[in-house]
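Working through the structure, step by step
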Amino acid sequence: MRLVAWQPDDLLRRLDDVVTVYGEAMGYRPELLQTRRGYIGSHVRRPGFRAVATLTTEGRVAGFGYGYTSAAGQWWHDQVRYALGEDSRRQWLTDCFEVVELHVRPAAQGHGVGARQLRALLAMAKGKTVLLSTPEADEQASRAWRLYRRYGFDDVLRDFYFPGDERAFAVLGRELPLVERPLEDASGAAGA
Ligand SMILES: CC(C)(COP(=O)(O)OP(=O)(O)OC[C@H]1O[C@@H](n2cnc3c(N)ncnc32)[C@H](O)[C@@H]1OP(=O)(O)O)[C@@H](O)C(=O)NCCC(=O)NCCS
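I will try to describe carefully the structure that is included in this document.

About the criteria used
Residues numbered from 1 in each chain as written. Predicted model: local features only at pLDDT ≥ 70, side-chain atom pairs only at ≥ 80, totals over all residues. Heavy atoms only, no water. Helix = DSSP H or I, 4+ residues; strand = E, 2+ residues; numbered from the N terminus. Rg over C-alpha atoms; globule rule 2.2 N^0.38 Å. Buried < 20%, exposed > 50% of the residue type's maximum accessible area, 1.4 Å probe, protein only. Contact = heavy atoms within 4.5 Å. Areas by Shrake-Rupley, 256 points an atom, 1.4 Å probe, with all protein chains shown as cover. Lys, Arg positive; Asp, Glu negative; His and termini not counted. Charge placed at Lys NZ, Arg CZ, Asp CG, Glu CD. Core = buried A, V, L, I, M, F, W, Y, C linked by side-chain atoms within 4.5 Å. Pairing = 2+ DSSP bridges. Expected span 1.5 Å × (residues − 1). Near = heavy atom within 4 Å. Polar contact = N/O pair within 3.5 Å; in protein donor to acceptor, adjacent residues only side chain to side chain. Nonpolar A, V, L, I, M, F, W, Y, C, P; charged D, E, K, R; others polar. Salt bridge = Lys/Arg side-chain N within 4 Å of Asp/Glu carboxyl O.

Moving on, we come to the overall build of the chain. For the chain, the helix and strand inventory stands at seven helices and seven strands. The secondary structure elements of the chain, listed N-terminal to C-terminal, are β-α-α-α-β-β-α-α-β-α-β-α-β-β. Computed over its C-alpha atoms, the radius of gyration of the chain comes to 16 Å, within 12% of the 16 Å expected for a compact globule of 192 residues. In terms of overall dimensions, the chain has C-alpha extents of about 50 × 45 × 30 Å along its principal axes. Residues classed as buried in the chain amount to 44% of the 192 residues present. Within the chain, counting contacts between residues at least 6 apart in sequence, those at least 24 apart form 65% of the total. As displayed, the chain offers around 10,300 Å² of accessible surface, 49% of which is attributable to carbon and sulfur atoms. Separation between the mean location of the 26 positive side-chain charges and that of the 25 negative ones in the chain comes to 5 Å.

In structure tokens:
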């Protein structure tokens, strides 16, 4: 497996693969994927766009992640801005990188691919804070939740409903840059 940084055109060239990975990871129906394809294609031109991908030795896309500078006028930004109080808006949205998508094919999950993608994306991200949204789930049972908690993401909004989606989401955030917390070994001592 090889982790690479993608420029906008790299992602566009692999858009079919990206949408396939996205659909497999999220378990979405093909009809929904066509709409997402359009969104993803338009996201690559947004200011501050950064993307990473994990490629197999045969060049298949095993995972990808991308984000951009969160700004007024973007649908997601405006929903979150509206839901936050004045202080939280200032704290989180003034200079913010949004992690828009982060996915790993089911067959490749559980081997640190998602963690490497998140680390690489945040290392390239511009901004003082990073925000993302993820479906509400049992924090211990969800790999995505465990990943975000491990990387220090805190609650910004909980049980939040985006218009047109009946699932509850959490908006999670942390400050940038990412300074990794030392891992603890089984005895509780900080590891190397
Ligand atoms: C969420 C997601 C991106 C995480 O990617 P991943 O590659 O599966 O997950 P990780 O990199 O965290 O690795 C998972 C496990 O491997 C462990 N791990 C980390 N590095 C490792 C390594 N080098 N070798 C082996 N295992 C490792 C981690 O401890 C983690 O364990 P845990 O899940 O029991 O806590 C991925 O599971 C996914 O696409 N899920 C479905 C879609 C989704 O929910 N996306 C996010 C929506 S916002």
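This part takes up the nonpolar core. Residues Trp 6, Leu 11, Phe 49, Phe 64 and Tyr 66 are the most contacted members of the largest nonpolar core, which totals 21 residues. It is helix α2 (residues 15-26) that contributes the most residues to this core, five residues altogether. With near-sequence residues (within four places) excluded, Phe 64 lies in contact with Trp 6, Val 18, Val 21, Tyr 22, Val 52, Ala 53, Glu 101, Leu 102, His 103 and Gln 117. One finds Leu 121, Tyr 148, Tyr 151 and Ala 170 within the second-largest nonpolar core, a separate group that totals 20 residues.

Summarising burial for strand β2 (residues 50-55): five of the six residues are buried, a large majority. In this sheet, β2 lies alongside strand β1 (residues 2-6) in antiparallel orientation, the contact comprising five bridges. If you follow Leu 3 over to β2, its bridge partner there is Thr 54. The loop that links β2 with its antiparallel partner strand β3 (residues 61-69) comprises five residues; one of these, Gly 59, has a positive phi angle of about 90°.

So, on to α2. Taking 1.5 Å as the rise per residue, α2 with 12 residues should run 16 Å; its terminal C-alpha atoms sit 16 Å apart, in good agreement. Among all positions of α2, only Leu 15, Val 18, Val 19, Val 21, Tyr 22 and Gly 23 are buried. Backbone geometry just after α2 places Gly 27 at a positive phi near 65°.

In the region of the ligand, 20 residues are neighbours, and Val 104, Gly 112, Gly 114, Ala 115 and Arg 146 sit closest. In this structure, a nitrogen atom belonging to the ligand sits 3.1 Å away from a main-chain N or O atom of Leu 102. Gly 112 is positioned such that a nitrogen or oxygen atom in its backbone is 3.4 Å from an oxygen atom of the ligand. Calculation on the ligand without its partners gives an accessible area of 930 Å², and the protein chains cover 71% of this total. For the shell around the ligand, the elements supplying multiple residues, two or more each, are α2, β4 (96-104), α6 (113-124), β5 (129-135) and α7 (143-150). With six residues, the top contributor of residues to the shell around the ligand is α7. When grouped by side-chain class, the residues that make up the shell around the ligand number nine nonpolar, eight polar and three charged.

Before going further, it helps to examine the pattern of salt bridges. Summed over all chains, the structure comprises 17 salt bridges. For the salt bridge of Asp 17 with Arg 14, the shortest nitrogen-to-oxygen distance reads 2.8 Å. Residue class for Arg 14 comes out partly exposed when judged on its relative accessible area of 23%. Beyond isolated ion pairs, a larger network of salt bridges with shared partners links Glu 136, Glu 139, Arg 149, Asp 155 and Arg 158.

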